[in-house]
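As a plain string of letters, each chain reads:
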Amino acid sequence: MQEPKYSISDLLRIMQRLRDPEHGCPWDLQQDFESIVPSTLEECYELAAAIEAGDYPHLADELGDVLFQVVFYAQLGAERELFTFQSVVHGLADKLLRRHPHVFADARIEGVVHQAATQQGDTSAVKQQWEQIKAQERAGRAQHGALDDVPVALPALPRAQKLQKRAARVGFDWPDAAPVFAKVDEELQELREAIARQDASEIEDELGDLLFTVVNLSRHLKVDAETALRRASSKFERRFRSMESICEERNTLLETLDTAAKELLWDQAKEAQ
């Protein structure tokens with residue numbers, strides 16, 4: 001592996017130069033906290049896509065793009081005298097030390113815990129301890145409700161899953177997946193009834209309830225809803241592209257086929273994969 005030429009200090013200096021009022025980049029100078037949020041989300045999704053595709057040769061590039069977002073926010077914070085990159089690093093290190101007392105004795109980086117059950121592979125105990133510490137942190141921020149710090153800006157699927165997990169921690173949950181299946185059937189029937197009444201607002205409401213319940217089902221089945229849907233979307237995309245390729249080989253337009261022909265083509269695409 002080639003020895004890196006640049007360091008984090010170089011990256012921070014590059015960011016400062018990009019934001020230099022006199023000699024900086026016009027586009028970078030126009031940005032603020034709100035304007036770069038879409039870029040941040042896009043870079044995170046591109047990182048996730050690279051991991052899902054097993055594109056490890058480009059993973060470092062994608063991680064660099066995500067890191068740049070952090071550096072950009074830190075520069076904006078420094079300019080407003082809100083925080084610096086160093087304070088971000090300090091806060092993160094402090095939080096990690098505080099939340100891992102089973103690893104860092106006395107919250108010291110080199111502090112070793114020699115006789116901890118959590119170091120013997122007891123992940124359930126680690127998770128329980130983690131949640132207790134986070135609950136204490138929320139209480140210190142006057143966030144006493146179980147759902148208080150679930151971000152509104154999260155994508156809908158992971159936010160639904162996070163809300164449900166938080167509610168489950170205080171005992172508001174089904175004991176297993178069986179009653180969730182029954183709830184899915186119930187919500188599906190209510191959606192059908194709303195459709196029969198042709199009430200657009202009610203249809204949206206009932207469809208939302210159905211999706212929320214399916215997310216709950218995925219949680220009980222220990223499946224991440226966002227990951228499952230992304231995989232399903234990728235599978236659909238592969239099969240649809242396969243249909244288009246078959247049509248191209250046959251000098252046929254997909255949109256000219258009738259329903260039966262399209263279903264047959266879909267089955268062929270499924271068999272091919």
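Look up: the structure comes first, before these words.
Since we're looking at a predicted model, the values are computed, not measured.

Asker: Mind laying out the packing of aromatic side chains, listing which residues take part and the relevant values?
Answerer: Each aromatic ring pair is specified by the distance between its two centres and by the angle formed by the two planes. Following the criterion strictly, the structure yields 5 aromatic pairs and no others. Their ring planes at 40 degrees and their centres at 6.3 Å tell us that Phe33 and Phe83 sit as a pair that is tilted. Highlighted residues: Phe33 in the loop between helix H2 (26-30) and helix H3 (37-52) and Phe83 in the loop between helix H4 (59-79) and helix H5 (85-99), separated in sequence by 50 residues. Residue Phe33 is classed as buried on the basis of its relative accessible area of 17%. Taking the centre distance of 5.6 Å and the plane angle of 40 degrees together, the rings of Phe236 and Trp266 count as tilted. A residue pair is termed long-range when its members are at least 10 positions apart, and Phe236 in helix H10 (residues 225-249) and Trp266 in helix H11 (residues 259-272) qualify at 30 residues. By relative accessible area, Phe236 is classed as partly exposed at 46%. Here the aromatic residues Phe33, Tyr73 and Phe83 are joined through ring pairs into a cluster of three or more.

Asker: Describe unusual backbone geometry, naming the residues involved and giving the relevant values.
Answerer: One non-glycine residue, Gln198, lies in positive phi territory at about 55 degrees. Examined against the element boundaries, Gln198 turns out to sit in the loop between helix H8 (178-197) and helix H9 (200-220). Judged by relative accessible area, which is 70%, Gln198 ranks as exposed. Here Asn251, not a glycine, exhibits a phi torsion of approximately 55 degrees, which is positive. Position of Asn251 relative to the elements: it lies in the loop between H10 and H11.

Asker: I'd like a description of a nonpolar patch on the surface, backed by residues and values.
Answerer: Residues Ile8, Leu67, Val70 and Val88 make up a contiguous nonpolar surface patch of roughly 270 Å² in combined accessible area. Following the sequence through the fold, Val88 ends up in helix H5.

Asker: Break down a negative patch on the surface for me, citing the residues and quoting the values.
Answerer: A contiguous patch of negative charge on the surface is contributed by Glu42, Glu46, Asp61 and Asp65. Elements with a minimum of two residues in the negative patch: H3 and H4. In this fold, Glu46 is placed in helix H3.

What counts as what
Residues numbered from 1 in each chain as written. Predicted model: local features only at pLDDT ≥ 70, side-chain atom pairs only at ≥ 80, totals over all residues. Heavy atoms only, no water. Phe/Tyr/Trp six-rings, centres within 6.5 Å; stacked < 30°, edge-to-face > 60°. Helix = DSSP H or I, 4+ residues; strand = E, 2+ residues; numbered from the N terminus. Buried < 20%, exposed > 50% of the residue type's maximum accessible area, 1.4 Å probe, protein only. Patch = residues over 30% accessible without salt bridge, like charges linked within 9 Å, V, L, I, M, F, W, Y side chains within 5 Å. Areas by Shrake-Rupley, 256 points an atom, 1.4 Å probe, with all protein chains shown as cover. Salt bridge = Lys/Arg side-chain N within 4 Å of Asp/Glu carboxyl O. Lys, Arg positive; Asp, Glu negative; His and termini not counted. Charge placed at Lys NZ, Arg CZ, Asp CG, Glu CD.

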